[in-house]
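# Reading the structure
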Amino acid sequence: MKQASIHIDRNFKLADVDERIYGSFIEHLGRAVYGGIYQPGSPLSDEQGFRSDVLALIREAKVPLVRYPGGNFVSGYHWEDGVGPKEQRPRKLDLAWSVIESNQFGLNEFMDWCKKAGTSPMMAVNLGTRGAEDAKNLIEYCNIEKGSYYSDLRRSHGVTDPYDIKLWCLGNEMDGPWQMGHKTAEEYGRLAEETGRIMRMVDPEIELVACGSSSLSMPTFGSWEETVLEHCYDEADYLSLHTYYGNPEDKTPDFLASSVAMDEFIRSVVSICDCVKAKKRSKKQINLSFDEWNVWYHSNEEDKKLERWIQAPHQLEDVYNQEDALLVGSMLITLLRHADRVKIACLAQLVNVIAPIMTSDTGAWRQTIFYPYMYTSVCGRGAVLQTVVDVSSYESVYGDAPFLDAVVLTDEEKETLTVFAVNKDLEGSMTVSCDLRQYADYRILEHMELAEADLKAVNTRLCPDAVCPKKSDGSRIEEGRLTAVLKPKSWNMIRLGK
């Protein structure tokens, strides 16, 4: 049995957790909106057409933030099409996903939905086919109380109070040649700078996210970030990162090592941000918004067969298995281990489209990845302790990968200590120890594990609970030392408290 040790000191805190690190994402794509969060006429929907069963699962996961309306969709979106009387809203071609957009769900519906879901908006502006003028109009519609054209337009739509949206994305993946209005780093950097400056003229209290590279594999990675920040460093508060991982060749050890690549991606972008800071002799620190991350590959072949110009098709509907849940757990651990710089993150996406929640006309259910996401969101609050993991590694396509991913958090207000850990050993259990004499009066509250023997096991409409966490008795504290036995290929959460 492999041995591992975790070393912490209650005085060595990395950072307080910004709850927005547990955000998610809703795009006008596939059945994320229509048939996902919004389905008028369904017996499962409320009077506004919002799926009540989906709302319950989102509240269960305490999703603090939802990015909207895209994604690739936003780069061709006219927000005005989705406000006002529904019978007057135009049906439009969505070039991003080759479908018809009915615009029956738009900004005002999204903001009403956010209130019911107990979440906050992260709004994106179109810097693909539009620009600074339209961004100004949108923030005026959202954040000014009354007395101007767009604030009064909102009031004429029945919304008296301003939405006061404080977090804004300056476009989406503008480095990608697939993007409508794709730009060079110089073009985008200048546009982001000017758009941000004008938006702050309307509301000086907003926070702005500039587009970083769409992935680490982009040929312009690094130079894109540097050039963009050289232009908009003073206006941007965050730089975005996007990444998805898959296992199409069924090489599970390499797949589970993807968290190593994610870690290196974060470190690289932090280095670039700090390089520009030094060049500018600035006292301002740019933090990171990892506003798209997930596993994505299961649906790729099916999506190639989709008919064009239909509405809300079954698109990007990955069915997740046990090994996907393990990697999602490791990616969450990776984000937390960089909580000093990663302040916002969005699991992409939330419902039906590469999502932890799936729906049919008869109900909603939790995919395997829902569980590490939900437990980490609910219990991963407080502060991240600097966590040193001593464990053996294995060779992977990303270099040496540790058999154990782990992070420890403390919530001093609730007097709890939480350990998240993933055992990537496919064959054997692992004994993990941690000296907790600084927490001598703490006891084990619970040990939850997701340890399905079949890595390809999934949850479905007919078998929604085939893969779900169970309580474990594999942890104990003796003489101030935590000892836990982690099953092979398992995700674990161990909570301790007084």
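On a predicted model such as this, the values are computed, not experimentally measured, just so you know. (Residues numbered from 1 in each chain as written. Predicted model: local features only at pLDDT ≥ 70, side-chain atom pairs only at ≥ 80, totals over all residues. Heavy atoms only, no water.)

### Regarding the packing of aromatic side chains
Evaluated as defined, the whole model comprises 21 aromatic pairs. Ring geometry for Tyr34 and Tyr38: centres 6.2 Å apart, planes at 65°, overall edge-to-face. A relative accessible area of 13% places Tyr34 in the buried class. Aromatic side chains Phe110 and Trp113 sit 6.0 Å apart centroid to centroid with 25° between the ring planes, which places their arrangement in the stacked category. In this pair, Phe110 and Trp113 are both assigned in helix 2 (residues 107-117), three residues apart and thus about one turn of the helix distant. On the basis of relative accessibility, which here comes to 0%, the residue Phe110 falls in the buried class. Feature note: the residues Tyr34, Tyr38, Phe50, Tyr68, Phe105, Phe110 and Trp113 constitute an aromatic cluster, connected by ring pairs. (Phe/Tyr/Trp six-rings, centres within 6.5 Å; stacked < 30°, edge-to-face > 60°. Buried < 20%, exposed > 50% of the residue type's maximum accessible area, 1.4 Å probe, protein only. Helix = DSSP H or I, 4+ residues; strand = E, 2+ residues; numbered from the N terminus.)

### Looking at the sheet that holds strand 25 (residues 481-486)
Hydrogen bonds between backbone groups are what pair the strands of a sheet, and the pairing can be parallel or antiparallel. The strand order across the open sheet formed by five strands is 16-1-21-25-24, and the pairing between neighbours is mixed. With partners counted over all chains shown, the strands left at the sheet margins are strand 16 (388-390) and strand 24 (475-478), one partner each. For this sheet, the mean angle separating the axes of adjacent strands, direction not counted, is 20°. Here strand 1 (residues 2-7) pairs with strand 21 (residues 430-435) via five bridges, running parallel. Along strand 21, the bridge assignment pairs Lys2 with Met430. (Pairing = 2+ DSSP bridges. Axes fitted to C-alpha atoms, helices over the stretch in contact; angles between N-to-C directions.)

### Remarks on the pairing of strand 17 (residues 393-396)
Here strand 17 shows a clear split, with Tyr394 and Ser396 buried on one side and none of Ser393 and Glu395 buried on the other. Judged from the four bridges that link them, strand 17 and strand 18 (residues 399-402) form a sheet pairing that is antiparallel. Following the sheet pairing, Ser396 is matched in strand 18 by Gly399.

### Overview of helix 10 (residues 322-336)
Taking 1.5 Å as the rise per residue, helix 10 with 15 residues should run 21 Å; its terminal C-alpha atoms sit 21 Å apart, in good agreement. When you tally the buried positions in helix 10, you get 15 out of 15 residues, the bulk of the element. Capping the start of helix 10 is the job of one residue whose side-chain oxygen sits 3.2 Å from the backbone nitrogen of Glu323: Asn321. (Expected span 1.5 Å × (residues − 1). Polar contact = N/O pair within 3.5 Å; in protein donor to acceptor, adjacent residues only side chain to side chain.)

### Focus on the packing of helix 5 (residues 185-202) against helix 6 (residues 223-232)
Closest axis-to-axis distance for the helix 5/helix 6 pair is 8 Å, and the angle between their directions is 30°. Along this stretch, helix 5 crosses helix 6, giving a crossing that reads as right-handed. Listed contacts from helix 6 to Ala185, Glu186, Tyr188, Gly189, Arg190, Ala192 and Glu193 of helix 5 are Trp224, Thr227, Val228, His231 and Cys232. In the contact of helix 5 with helix 6, the residues fall into six nonpolar, three polar and three charged. (Left-handed = near helix turned anticlockwise from the far one by under 90°. Contact = heavy atoms within 4.5 Å. Nonpolar A, V, L, I, M, F, W, Y, C, P; charged D, E, K, R; others polar.)

### A few points about the packing of helix 10 against helix 11 (residues 370-379)
Relative to each other, helix 10 and helix 11 sit at 30°, their axes nearing to 8 Å. Between helix 10 and helix 11, the angle is such that the two are roughly parallel. Together, Ala325, Val328, Gly329, Leu332 and Leu336 of helix 10 and Pro372, Tyr373 and Thr376 of helix 11 make up the contact between the two elements. Looking at side-chain class alone, the contact of helix 10 with helix 11 contains six nonpolar, two polar and no charged residues. (Parallel < 35°, antiparallel > 145°, perpendicular 65-115°, else oblique.)

### Some details on unusual backbone geometry
Cis geometry marks the peptide bond from Tyr68 to Pro69, where omega comes out at 5°. Here Pro69 lies in the loop between strand 4 (65-68) and strand 5 (92-94). A cis geometry characterises the amide bond from Ala348 onward to Gln349, with omega recorded as 0°. Structurally, Gln349 can be placed in the loop between strand 12 (342-347) and strand 13 (357-360).

### Re the environment of Ser393
Among the secondary structure elements, Ser393 is positioned in strand 17. Spatially, the C-alpha atoms of Ser393 and Phe403 are 5.5 Å apart, while their sequence positions differ by ten residues.

### Here we look at the sheet that holds strand 23 (residues 470-471)
Within the open sheet, the seven strands sit side by side as 2-15-19-20-26-22-23. Their pairing is antiparallel. Sheet topology places strand 2 (13-16) and strand 23 at the edges, where each strand pairs with a single neighbour. As defined by bridge partners, strand 20 (residues 416-423) adjoins strand 26 (residues 490-497) across eight bridges and the pair is classed as antiparallel. Along strand 26, the bridge assignment pairs Val422 with Trp491. In the packing of helix 10 onto the sheet, the strands contacted are strand 2, strand 15 (383-385), strand 19 (404-411), strand 20, strand 22 (443-450) and strand 26, and the crossing angle to strand 20 comes to about 130°. Helix 11 rests against strand 20, strand 22 and strand 26 of the sheet, and its axis sits at about 20° to strand 26.

### Focus on the nonpolar core
Judged by nonpolar contacts, the single largest core of 148 residues is most densely connected at Trp113, Trp168, Tyr188, Phe290 and Trp293. Apart from the residues lying within four places of it in its own chain, the contact partners of Trp293 are Thr243, Tyr244, Met262, Val328, Met331, Leu332, Leu335, Ala345, Cys346, Leu347 and Ala348. Among the nonpolar cores identified, the runner-up in size contains twelve residues, and Leu65, Cys169, Ile344 and Cys346 belong to it. (Core = buried A, V, L, I, M, F, W, Y, C linked by side-chain atoms within 4.5 Å.)

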